[in-house]
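Residue-level structure breakdown
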There are 2 protein chains.
Amino acid sequence: MHETEDVLRQRHPAEASPSKAAAERLLKPKIEDVRPTSDESDMEAILHDEDRMERYTKSIPQDKGSLGEFADSFLESLPPRWRNWVVRGVFTFIMVSMFSFLVNRGATWLMALVFLIQFKCFQEIITIGLAVYRLYDFPWFRTLSWYFLVTSNYFFFGESLIDYWAILLRKDNFLNFLVTYHRLISFFLYCIGFVWFVLSLRKGYYMRQFSLFAWTHISLLLIVSQSFFIIQNIFQGIIWFLAPVSMIICCDIMSYFFGFFFGKTPLIKLSPKKTWEGFVGGAFSTVVFGILLALFLGHRPFFVCPVEDYYIDNTNCSIPPSFQPESYAVPRPFYWIFKILRRDPHIQLFPFVFHAIVMALFASLLGPFGGFFASGFKRAFKIKDFGDVIPGHGGLMDRFDCQLLMGTFVNVFIHTFIRVPNPSKLVTQILWLGPEDQLTVFNALREELTKSGLLP
Amino acid sequence: MHETEDVLRQRHPAEASPSKAAAERLLKPKIEDVRPTSDESDMEAILHDEDRMERYTKSIPQDKGSLGEFADSFLESLPPRWRNWVVRGVFTFIMVSMFSFLVNRGATWLMALVFLIQFKCFQEIITIGLAVYRLYDFPWFRTLSWYFLVTSNYFFFGESLIDYWAILLRKDNFLNFLVTYHRLISFFLYCIGFVWFVLSLRKGYYMRQFSLFAWTHISLLLIVSQSFFIIQNIFQGIIWFLAPVSMIICCDIMSYFFGFFFGKTPLIKLSPKKTWEGFVGGAFSTVVFGILLALFLGHRPFFVCPVEDYYIDNTNCSIPPSFQPESYAVPRPFYWIFKILRRDPHIQLFPFVFHAIVMALFASLLGPFGGFFASGFKRAFKIKDFGDVIPGHGGLMDRFDCQLLMGTFVNVFIHTFIRVPNPSKLVTQILWLGPEDQLTVFNALREELTKSGLLP
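Residues numbered from 1 in each chain as written. Chains lettered and ligands numbered in written order. Predicted model: local features only at pLDDT ≥ 70, side-chain atom pairs only at ≥ 80, totals over all residues. Heavy atoms only, no water.

Notes on the pattern of salt bridges
Here is the rule: Just to be clear on terms, a salt bridge is a Lys or Arg side-chain nitrogen sitting within 4 Å of an Asp or Glu carboxyl oxygen. Under the DSSP-based scheme used, a helix requires at least four consecutive residues in state H or I and a strand at least two consecutive residues in state E, with every element numbered from the N terminus. Throughout, exposure labels follow a simple rule: accessible area from a 1.4 Å probe, protein chains only, divided by the maximum for the residue type, with under 20% read as buried, over 50% as exposed, and the rest as partly exposed.
For the coordinates displayed, the defined rule picks out ten salt bridges over all chains. A salt bridge links D398(A) to K378(A); the shortest N-O distance between them is 2.5 Å. Taken together, the positions of D398(A) in helix α22 (residues 396-418) and K378(A) in helix α21 (residues 367-380) put the pair 20 residues apart, joining distant regions of the chain. By the burial criterion, D398(A) is buried, and K378(A) matches it. Note that D385(B) is salt-bridged to K384(B), the shortest N-O span being 3.0 Å. Exposure class is identical for D385(B) and K384(B). Each is buried.

Here you go:
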């Protein structure tokens, strides 16, 4: 609630300070205010006026920090600052438990979770867009947004499947058709939406229709594409999903703790609650947490095996190189410790520990900018939360703002350092070719390998 | 000029009709009107008000159909409808000549042309955005947009290069580094822009800063990604670029002609000048034109050879299958013609002729929607043209609106039907691997081929 009051105070310096009741009266939506106006000139006049933004976005459900009547009566006895803590804490605990449960269920459930979250986040963003641009006269405009969501999901999901399950799909003729023509089908599905949009353009609504079109596309770009990067990460092994997600959660929680207890120096104007103390404390904790997590999970096939090996072949995979122990020389400045202990100055670690450090650094240094971005966005539209799905936290987007950027980073990281051309995938691709081309490749390869001396 | 008058008449019914001078007074930007206001509340009040949109976008240069003093004095003697024709015609001719010259110069020049057009189109769109959101107080916001342009160009250009010139790049260590870390580098370049944007957020400007951020991203999505699809098409062979581009031009010109001479039934409200007669006539002419063009260009290596073969190896390429003659049975209903002529009811054609028909149909049926989209966009912001670079035509975006969608279609088409896994590319990819992995692939492949009976 503090943030909302700040916002109000900025714009109504006289009104907001006296009583909380007055502030709440301002926050409560009046039905007349949010009802659509179909008169063109009127609509043009009230449209997009930042000062009146609050009138439109008021209809978006906001977190009230309430847990239902019974719990609330108990919470009443606590001082307000602690009350928020309790609600937030309880729901953090609930979410972490549910998440752990799903992690134990394996990759398929996690992918379903990412899917669900993606849909809900998209809905939250689109709801804000529809409130801002007030296209209530076009009931199917919302449908169009969802159509684009389904289309882009079809496209991205297909691309992932083709990438990973190529062998399986080869066996089925119908799926084979979908694979071969995947891009063409997706493109035509998109074209249908595009034509639909163009045909729906109506005089006097142009500006807002284009704005919502842009809004939908930015949402797709931000949410759908990034959540598919996350799904691709799951394919690489659950740990590539679990570690970054936990790091962001850890960073969030620890920054909050450090900020709560030691926070003094404000970090950035966008989020007045964030402090340098929280930022640094969060970063340090996250790196430590990342190392521990890597050591804890790194030797369990359930977490480290690529999904295709573990689930599809149903055999124990060969442990990927990132998780095979290697001997590392301790940096010179620390030699003396090992001399005292009379031990060899080499330690056995698997490379993922270092990957984890890099990811933890990204999560704690660049990740928060995803959060700042979301804060700024909320301020632009004068809302406190993206929704009210999670009491004490707000909407799903409030929790997952940093996860998206992180997921993309991990995806790029995997693509660059981990999944560098995979021999078995190349063989798969070759076997997709016609028999003649398969032989062509084989002969060309034999020739090249003979040339380079690898074959006699 | 007709369109502008229409727009004016709609909104100022009393003023616009009496004299042309009055209309022109309204069109001419007054300096005071477009000057930025830094006062926050004032800015909020005037922001985004569709009715006042014209005040902002007035500063965008519009085509005046003028050819300089000398030519204008000659044109004065013509009736207005013909005057427009002449200016338009002259510049169509100039553009087509320049284009033909560049086509003769080969692929590199064409790619440079696409690059240039891409930059100019991006500039036109960003200029409109800056005029609409009036962020003159943030001189580096324009810089940020260009930064994103360069970043995304770096990303896409790199991806194309890696795809096509992998063999060349293997020889150079520095380029090798850029190839290996390409996505990571691009991602960090993007992150810098993202952080820059977040740090630049200033109270009272949030809404507009986010809008421009979205604006920039949509422009990147529309212009940069699609123009890279076009560049990829050039790599596949100049014909894959030249044929679709000419088809769109042909469709534009022929629709204009048919509409001019026979146009009666309006096609779509968005573009009142477009008629069903023009649409159908354009479609028919484009298909005929496409077939003739295919027959004319399809047997010249200069046009049909992939760029990598023709330019890099500097040898004559082996003609791709799409351009090798095949024997097609004439459809039964036409048998009698061949019976009368006493000829075999089979004709020799190369498959590209059919590809050309498909492309021509797309160009003439779906292509125009790119144009309608652009029309709607211009109407939303109350402008007649995207700029005034080409007299008689307007801005570059006015000419290339349909080219982008077409380029994407051709790219998908190539990806689906033409470039289906290329044996030599797969061999290249294998040779990128370490020596051990190369042998692994070879042995796995030999095993698989033996299993399937292709090898003894």
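A word on the packing of aromatic side chains
To keep things clear, this is the line we draw: For Phe, Tyr and Trp, rings pair up if their centres lie within 6.5 Å, where Trp contributes its six-membered ring, and each pair is then called stacked (planes under 30 degrees apart), edge-to-face (over 60) or tilted (otherwise). When the NZ atom of lysine or the CZ atom of arginine is within 6 Å of a ring's centre and also within 35 degrees of its normal, the charge is said to sit over that ring.
Per the counting criterion, the structure on display carries 95 aromatic pairs over all chains. With 5.7 Å between their ring centres and 85 degrees between their planes, F210(A) and F377(B) make a pair best called edge-to-face. Placement of the pair is F210(A) in helix α14 (residues 206-236) and F377(B) in helix α21 (residues 367-380), with the two residues belonging to separate chains. F377(B) shares its class with F210(A); the two are buried. Ring centres of F442(A) and F442(B) lie 5.0 Å apart, and the angle between their planes is 10 degrees; on these two criteria the pair is classed as stacked. Placement of F442(A) in helix α24 (residues 435-451) and of F442(B) in helix α24 (residues 435-451) is noted, with the two residues assigned to different chains. Overall, F442(B) belongs to the buried group, its relative accessible area being 1%. The ring of Y256(A) carries R88(A) above its face, with NZ or CZ at 4.6 Å from the centroid. For R105(B), the ring lying beneath its charged end belongs to W109(B), and the centroid distance is 5.1 Å.

Remarks on the relation of the copies chain B and chain A
So the rule is basically this: When the copies are superposed, the least-squares fit takes in the C-alpha atoms of residues with a pLDDT of at least 70 in both. It only takes one pair of heavy atoms within 4.5 Å for two residues to be counted as in contact.
With an RMSD of 0.1 Å, the operation that places chain B on chain A is a rotation of 180 degrees combined with a shift of 0.0 Å along the axis. Such a turn and shift between the copies fits a two-fold axis. Both copies contact each other with a shared surface, as 100% of the interface residues of chain B are interface residues in chain A too.

Observations concerning the nonpolar core
We count it as follows: Throughout this description, the term nonpolar core refers to a set of buried Ala, Val, Leu, Ile, Met, Phe, Trp, Tyr and Cys residues connected via side-chain atoms within 4.5 Å.
Counting 196 residues, the largest nonpolar core has W240(A), F352(A), W240(B) and F352(B) as its most contacted members. In this structure W240(B) touches N233(B), S322(B), F323(B), F352(B), H355(B), M359(B), V410(B), F413(B), I414(B) and I418(B), once residues within four positions along its chain are discounted. Residues F442(A), L445(A), L449(A) and V427(B) belong to the second largest nonpolar core, which totals 20 residues.

Focus: helix α16 (residues 276-297) of chain B
Residue and element names in this part refer to chain B. To keep things clear, this is the line we draw: The length a helix should cover is 1.5 Å for every residue beyond the first.
Here α16 is 22 residues long and its end C-alpha atoms lie 31 Å apart, about the 32 Å a rise of 1.5 Å per residue gives. Within α16, burial applies to G278, F279, G281, G282, A283, S285, T286, V287, G290, L293, A294 and L297. Against the buried residues of α16 lie α15 (239-262), α17 (301-304), α20 (352-365) and α21.

As for the environment of I94(A)
Structurally, I94(A) is set in helix α8 (residues 80-105). It is 28 Å that separates the C-alpha atoms of I94(A) and H299(A), two residues lying 205 residues apart in sequence.

Remarks on the UniProt feature "transmembrane region" (unreviewed entry) in chain A
Residue and element names in this part refer to chain A. The criterion, for reference: UniProt positions are given in the numbering used here, feature names are shortened, and annotations may be inferred rather than shown by experiment.
The UniProt entry lists residues 85-103, 109-133, 145-167, 179-199, 211-231, 237-263, 275-297 and 352-374 under the feature "transmembrane region" (unreviewed entry), expressed in the numbering used here. The span residues 109-133 carries 100% helix and 0% strand; its end-to-end C-alpha distance comes to 36 Å. For residues 211-231, helix accounts for 100% and strand for 0%, while the C-alpha atoms at its two ends are 29 Å apart.

Considering the packing of helix α23 (residues 423-432) of chain A against α24(B)
Packed helix pairs are specified by the crossing angle of their axes together with the interaxial distance, meaning the distance between the axes. Defined as follows: The axes are straight lines fitted to the C-alpha atoms, using for helices just the contacting stretch, and the angles between their N-to-C directions are given from 0 to 180°. When describing relative orientation, an angle under 35 degrees is termed roughly parallel and one over 145 degrees roughly antiparallel, while 65 to 115 degrees is termed roughly perpendicular and anything else oblique. Left-handed describes a crossing whose near helix is turned anticlockwise from the far helix by less than a right angle; the clockwise case is right-handed. Residues are sorted three ways: Asp, Glu, Lys and Arg are charged, Ala, Val, Leu, Ile, Met, Phe, Trp, Tyr, Cys and Pro are nonpolar, and all the rest, Gly among them, are polar.
The contact between α23(A) and α24(B) brings their axes to 9 Å, and the two run at 40 degrees. When the interaxial angle is binned, α23(A) and α24(B) end up oblique. As for how α23(A) packs across α24(B), the hand of that crossing is right-handed. Between α23(A), through P423(A), V427(A), I430(A) and L431(A), and α24(B), the contact on the second element is made entirely by D437(B), V441(B), A444(B), L445(B) and E448(B). In the contact of α23(A) with α24(B), the residues fall into seven nonpolar, no polar and two charged.

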